[in-house]
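# Analysis of the macromolecular model
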Amino acid sequence: MRKFYLFTVIALVFACPSFAEIRIGVSGGYSYSSLDSLNSYWETIKTDAAAYTTTSNADWKAYGNGLFGNIDIGVNLNTNILAGIRTGLQYIFPSTYTGFRLVNVPPPNWMYTETSIDNYLIPIMAGLNMYLPLGSESVVAVNVGAYAGWGLAYCAQSTKYNDSSALLAIYGTNGFVADLTAAIEFRLLKLLSVNLNCGYRFAKMTNFKNVESVSATVPGYGLYIIPSNDPFNDNSGKPVDVDFSGINIGAGVNLMF
């Protein structure tokens, strides 16, 4: 996949005429994802904990707010059409669960847990942009684009079991991602422009597996191990989705050569 996108960039550069403009853009800002499946997963754990004991103080703080950053490299195919690649990082602010939890190990055990969860997405996409100046001499333009490709996703869960030392399990997966974007661009200089942008990202990730085996000594239980390739499933064995899909709103800067 990486070789494919590298080849795409090289091909675009050599396919363009010598007078073609090369653009490098950096943008970032606020990101919101619903993360319905993940929030539902932890809400179910909270409900089960309340049914398990009347003294439970289980608490789940739902989340979805975050930040995104994009790096775009593109070239003009003609005056108004640009082609290129996009990568970057989307980070969802952490959330926490505290309370009893049925840990699905043989045999299943109820443990008091404190968990902090972070989610990351690294997209690698190719796409096209339509650049539309608002007049022949205008320094203002509308820029709309569409990108599609692949994404690397990680769900990092740091958990204390029965007040054990924190155990960090990093679950990873990959899958299809796509962006639809729109921006108002202001050309300050021949080689420099700034923009205000917004867009929608589709990136529903599933089939997460633990990247590396981790273990901790849990009071009242013993050695607890999360093996490598351990799936991120609910207690019924169904994979838990992490849906990064949602809106991105931010600002950016472009350099033209």
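Residues numbered from 1 in each chain as written. Predicted model: local features only at pLDDT ≥ 70, side-chain atom pairs only at ≥ 80, totals over all residues. Heavy atoms only, no water.

## Things to note about the environment of F100
Structurally, F100 is set in strand β4 (residues 81–103). F100 sits 15 residues away from T115 along the chain, and the two C-alpha atoms are 11 Å apart. (Helix = DSSP H or I, 4+ residues; strand = E, 2+ residues; numbered from the N terminus.)

## Examining the confidence of the model for the chain
Where the model shows low pLDDT, its predicted coordinates should not be examined in detail. Chain-level statistics for the chain give a pLDDT mean of 90 and a share of 91% at 70 or above. Throughout residues 9–19 the model reports pLDDT below 50, and contacts reaching past four residues in sequence, or to other chains, amount to eight contacts. (pLDDT = per-residue confidence, 0-100. Contact = heavy atoms within 4.5 Å.)

## A look at the environment of N76
Position of N76 among the secondary structure elements: in strand β3 (residues 65–76). Judged by relative accessible area, which is 11%, N76 ranks as buried. Sequence separation between N76 and Y131 is 55 residues; the distance between their C-alpha atoms is 9.5 Å. Within the structure, the side chain of N76 is placed 3.1 Å from the backbone oxygen of N78, a separation counted as a polar contact. (Buried < 20%, exposed > 50% of the residue type's maximum accessible area, 1.4 Å probe, protein only. Polar contact = N/O pair within 3.5 Å; in protein donor to acceptor, adjacent residues only side chain to side chain.)

## Description of a nonpolar patch on the surface
A contiguous nonpolar surface patch, about 640 Å² in accessible area, is contributed by I22, I24, V26, I71, I73, V253, L255 and F257. Residue assignment for the nonpolar patch shows that the elements contributing at least two residues are β1 (22–33), β3 and β14 (246–256). The element best represented in the nonpolar patch is β1, accounting for three residues. On the basis of relative accessible area, I22 is assigned to the partly exposed category, the value being 31%. (Patch = residues over 30% accessible without salt bridge, like charges linked within 9 Å, V, L, I, M, F, W, Y side chains within 5 Å. Areas by Shrake-Rupley, 256 points an atom, 1.4 Å probe, with all protein chains shown as cover. Salt bridge = Lys/Arg side-chain N within 4 Å of Asp/Glu carboxyl O.)

## Comments concerning unusual backbone geometry
Not every positive phi belongs to a glycine, and L35 is a case in point at roughly 50°. Here L35 is to be found in the loop between β1 and α2 (36–52). For D163, which is not a glycine, the phi torsion comes out positive at approximately 65°. With respect to the helices and strands, D163 occurs in the loop between β6 (140–161) and β7 (167–189).

## Points about the pairing of strand β12 (residues 222–226)
One ladder, built from five bridges, connects strand β11 (residues 214–218) with β12; its direction is antiparallel. Considered in β12, the bridge of V218 is made with G222. Connecting β11 to the antiparallel partner β12 that follows it, the hairpin turn spans three residues, and G220 within it adopts a positive phi of roughly 80°. (Pairing = 2+ DSSP bridges.)

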